[in-house]
Structure formats: structure tokens, C-alpha cells
Amino acid sequence: MPEDTKKVDMEKIVSLCKRRGFVFQSSEIYGGLASCWDYGPLGVELKRNIKNFWWKKVVQERDDMVGIDASIMMHPKVWEASGHVAGFSDPLVECKNCRMRFRSTDIDTTACPNCGGQLSEPRMFNLMFKTFMGPVEEEAAIVYLRPETAQAQFVNFENVQSTTRKKLPFGIAQIGKSFRNEITTGNFIFRTREFEQMEIEYFVKPGTDQQWFDYWVNERLNYYVSLGIKRDNLRLREHCKEELAHYARGCFDVDYNFPIGWSEIEGIANRGDYDLTQHSKFSGKTLDYFDEEKSERYVPYVIEPSSGVDRSLLAVLCDAYDEEPADKETRVVLHIKPEIAPIKVAVLPLSRNAKLLPKSKEVHDMLRPHFMTQYDDAQSIGRRYRRQDEIGTPFCVTVDFDSLDDNQVTIRERDSMQQERVPVAELLDRLKSKFSF
Ligand code: ATP
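About the criteria used
Residues numbered from 1 in each chain as written. Predicted model: local features only at pLDDT ≥ 70, side-chain atom pairs only at ≥ 80, totals over all residues. Near = placed C-beta within 6 Å. Helix = DSSP H or I, 4+ residues; strand = E, 2+ residues; numbered from the N terminus. Pairing = 2+ DSSP bridges. Axes fitted to C-alpha atoms, helices over the stretch in contact; angles between N-to-C directions. Core = buried A, V, L, I, M, F, W, Y, C linked by C-beta atoms within 7 Å. Buried ≥ 20, exposed ≤ 12 C-beta atoms within 10 Å, placed from the backbone. Domains from an automatic or database assignment. Arc of directions from axis to C-beta. Contact = placed C-beta atoms within 7 Å. Right-handed = clockwise from strand over helix to strand, strands pointing away.

1. Description of the site of the ligand
Step number 1: Looking at the ligand, there are 15 residues lining it, with Phe195, Gly267, Ser306, Gly308 and Arg311 nearest.
Step number 2: Secondary-structure elements contributing two or more residues to the shell around the ligand are β10 (194-204), β13 (261-272), β16 (301-308) and α9 (309-320).
Step number 3: Considering each element in turn, the shell around the ligand owes the most residues, four residues, to β13.

Rendered as C-alpha cells:
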């Protein structure tokens, strides 16, 4: 198999995540809660770096995009208008014997895969989580946890457009938690009931939608390459007619070659004017756009690139993971793009000798306002390099006894394992030049 398509086992990723503090099972001391995961000290850094990278690419570096951060709970009518109350459901069958439920599309047998019992006829099961707002538990107080972030962009269309005075085409971006009571979860953080999304609603003039759709499909594929994912492990998959929602005019998935096979990290859909029209109908408010050049009003069409934070993080880990022969042993290394790595620079005194402490602390204190750093003086220097390789730290700075005389330190690079000696006075600039931010 060519190097680039070598696949890692999911168990290795799960084990690394637990061992090094990327991801833990939620409520583990109570036996865990199905399909819920907690990001640990390294996971939270990696996750935040991925979100910041997305935000930088789609908001900060563009003139035609602005962001919002909306409430997770929204007016219940939002979900009637969007079609989620009526349509966001999966057909479920229940075993009459053991009561286990399965998505009917997941099984190709009439017997229960668990106990062999008889299965019921399929019933529709809504995937939205319900809860009650206020002190009374009654129908009127029902609110839903949002199953996607996107609806807030639609219902805020007018607010955002009038306050920013953006002209079409322009987009609204948002990152936030979403909740779906998925029937089949699993594959670690790939499919969970609570997850995070990064979504863009890009509003365009009707008639230009196909051109913008093509643009975004291409743009989003390239984005994952710029995130450091190998092009060979990415593909675009066009949805066939049967897969499309009735209002959708086209949809592509960006798939990653996960250990479980090719699976979606992002969906890009041309949704036409469906959402704004629906919200206009249900709210009674006009949600359209006045085109000053043409002196006409129309409802914009929308292109929706919708990505998952957790799946992006899983793809980054799977893609970066490698086991390489080094010094008669195997070194586990995460070749994460330096800008995304949880720890950017590790400061490692050669030993715990007290003489090295002041210089090592001085170097560490100089670097930490600029980079996420780690200071490690436990065990041999070789083992500490391995520990940093395993969590993807791109640079280690070593302070040794010569440093005390010549005021120079060694930078060791993760991928090549090359070392270079630099004066402490130049260290910060030298390290900064190795990152593209
Ligand atoms: P799938 O078919 O895999 O369930 P979907 O097509 O329902 O995904 P979308 O509604 O297009 O997903 O959501 C956009 C993105 O949000 C997905 O590409 C994925 O990255 C993320 N996502 C959706 N559902 C989940 C989930 N249950 N767990 C983790 N991420 C999810």
C-alpha cells in the first residue's frame, strides 16, 4: 500500500487519545455515558486550534463573511418552519423480545440481530432532543436542543444584513454544539449525540447559485488539504437524486478515508430559497434582499457548507498518526500541521540537574506568551522527545550544560528529528518563522 493511504486502526487512536489526554469517556468513573466523550487537556487545545483555523479561513481572511454565536435553544416554531419537527426522523424497528431498537435501514434481516426475536413494523422516531423551559413540564413549555446550528443564521438573516450592510453574495458563519438523538452511534467521536458543528450559510443571488455551489465544493475540499490532511485520503461524493432533500438542488460530501472506511466530514448543499421562504412564512416577517443595482427585491438562495468539529479532529488524528522505526524501536508520531498542534514548543532541560533550572525556566518564560508550551524534565531526553512526538509537538527546545556557557539551545524538529543550535536571543524569532501565523 502506498505510504499515503496506509490506514491506522481506530483502537490505536482511541488508546492514544486516552493515554495522552486527548479524549476521555464521559462520566467514566460512573461507567461512562453511551456515545458521550470529554476532551482532555490536549484534546481541548487541538479542538480549539481546528475551530480557530476554520474561523480564520472562512471569516477573518474574507470580506464576504461574518460570524454569529447564537443560543442553542430557539423558538419551537423555528423547527416547525425548518421541517425538523415533521421530517427529522429515522424509521425504527423494535425487537418484541429484548426491546432493542434498530434503524431499519441498518439491518437486512427480519429477525433481531441481538436475540433473534421478532421485529416490529418500522416507526418514525424524531431525532431532536426535547426539554422543558420554565418551571412547568407541559406541552406548551417544550423546547428543543438544536440539531444543527444553521437555523440561527437564517432567522438572523435580516439582523445581520441590516447591521453589517453586506451586499450579496455574503455568508454567515457559526461554530457551536448540536444535538441529535441518533439511534446508531459509535466509532468513537465519529457519531455522537452531542457534537460540534462549523456551518456557513452563504447567500447568493438566484441564478448564480450553481456557480457558487461549485466554488464552495472546491473551496471546502482545499480547506482540508490546508488543514494538513493528505489529498489522497479525501474525496468528494455527489449525492444522487434519491438522497437529496426535496428542496435541495445539489449536495456533495467531503469524505475522509477513516479507519471505518470513506465517511463524511462535511456536507455542502445548495438549498435554494427554502429556508428563508419557510421562516418568512412561519414568522410572518419578510426575509428578502433589496438589490440596489437592479432596484429589485428577491429571496436569496443559499449554499451551506456544514462541517463537524469532532469528525475533523478525528480525521486530523488518523491522518497524522504514524509508527516509524527509530533507534531500534518504533516511534509513534503525530505529523500534525504545526499551526494545529496542541503543544507548539516543549522546553526540555537535558536533565534535572539544578544548574540547568534557571536557564531552562528563563527560556520557557520567554516562549510561553507566544506559544502553547510544555515544560518537561522527567526521564531521559530520548523518552521525552518520544512523548512529544506522540502528541504531535513540532519543536522541542533543549537546554544543556553548554547552554550555560554559550547561551545557545538546540531546536529539535519532530518530523525530520534534525537538530539545530541557536542563540537564545534568536530563539523566539527562529521559532516564529517556522509557523505560518
Ligand atoms: P451522517 O449522514 O453521517 O449522519 P449528516 O449528513 O446527517 O451526517 P449533516 O446534517 O450534513 O450530517 O451535518 C453536517 C456535519 O455535522 C457532518 O458532516 C458531520 O461532520 C457533523 N455531524 C452530523 N451528525 C453528527 C453526529 N451525530 N456526530 C458527530 N458529528 C456529526
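There is more to say, and it comes next.
2. Details of the sheet that holds strand β6 (residues 123-126)
Step number 1: Spatial strand order, β5-β4-β6: three strands in an open sheet with antiparallel pairing. Sheet topology places β5 (101-103) and β6 at the edges, where each strand pairs with a single neighbour. Neighbour to neighbour, the strand axes of the sheet diverge by 50° on average, direction disregarded.
Step number 2: In this structure, strand β4 (residues 89-94) lies alongside β5, joined through three bridges in antiparallel fashion. What sits directly across from Glu94, in β5, is Arg101.

3. Looking at the pairing of β13
Step number 1: Here strand β12 (residues 250-258) runs beside β13; their pairing, made up of nine bridges, is antiparallel. Bridge assignment links Asp253 to a residue of β13, and that residue is Gly267.
Step number 2: Between β12 and β13, which pair antiparallel in sequence order, lie two residues.
Step number 3: As judged from the six bridges shared by β13 and β16, these two strands associate in the antiparallel manner. Considered in β16, the bridge of Gly267 is made with Ser306.

4. Describing the nonpolar core
Step number 1: Counting residues in hydrophobic clusters, the biggest one holds 54 residues, and the most contacted among them are Leu314, Ala315, Val316, Leu317, Ile340 and Val397.
Step number 2: For this core, the element with the highest residue contribution is α9, accounting for eight residues.
Step number 3: Three or more residues apiece are contributed to this core by two domains, here domain 1 (3-87 + 132-317) and domain 3 (343-432).
Step number 4: In terms of nonpolar packing, the next biggest core, distinct from the first, is built from 19 residues, Ala173, Trp216, Cys251 and Phe252 among them.

5. Re helix α1 (residues 10-20)
Step number 1: Taken as a whole, α1 has its buried residues at Ile13, Leu16 and Cys17. Buried positions in α1, seen along its axis, are confined to an arc of 100° and lie on one side of it. Of the exposed residues in α1, those oriented more than 90 degrees away from the buried face are Glu11, Ser15 and Arg19.
Step number 2: Contact partners of the buried residues in α1: β1 (23-25), α2 (41-60), α9, β17 (321-326) and α11 (381-390).
Step number 3: Directly after α1, the chain includes Gly21, whose backbone phi takes a positive value near 85°.

6. Digging into unusual backbone geometry
Step number 1: Here Leu168 and Pro169 are connected by a cis peptide whose omega angle stands at -5°.
Step number 2: Positive phi values are uncommon outside glycine, yet Ser27 reaches one of about 50°.
Step number 3: Turning to its location among the elements, Ser27 is positioned in the loop between β1 and β2 (37-39).
Step number 4: Unusually for a residue other than glycine, Arg165 sits at a positive phi of about 55°.

7. Quick notes on the pairing of strand β19 (residues 345-349)
Step number 1: Within β19, five of the five residues are buried, leaving the element largely enclosed by the surrounding structure.
Step number 2: Across the two faces of β19 the burial is the same, with Val345, Val347 and Pro349 and Ala346 and Leu348 all buried.
Step number 3: Strand direction decides the pairing type here: β19 and strand β20 (residues 373-375), joined by three bridges, are parallel. Of the residues in β20, the one forming a bridge with Ala346 is Gln374.
Step number 4: Where the polypeptide runs from β19 across helix α10 (residues 357-367) and back to β20, its parallel neighbour, the crossover connection is right-handed.
Step number 5: Taken together, the five bridges between β19 and strand β21 (residues 395-399) define a ladder with parallel strand orientation. Paired with Val345 across the bridge in β21 is Phe395.

8. Overview of the sheet that holds β10
Step number 1: Overall, mixed pairing links the seven strands, which are arranged β3-β9-β10-β16-β13-β12-β11 in an open sheet. Across the chains shown, the open sheet's two edge strands, defined by having one partner strand only, are β3 (65-68) and β11 (234-238). When strand polarity is set aside, the average angle formed by the axes of neighbouring strands in this sheet is 25°.
Step number 2: Here strand β9 (residues 170-179) runs beside β10; their pairing, made up of ten bridges, is antiparallel. Of the residues in β10, the one forming a bridge with Gly176 is Gln197.
Step number 3: Running at roughly 15° to β16, helix α7 (residues 209-226) makes contact with β10, β11, β12, β13 and β16 of the sheet.

That is the geometry; function is a separate question.
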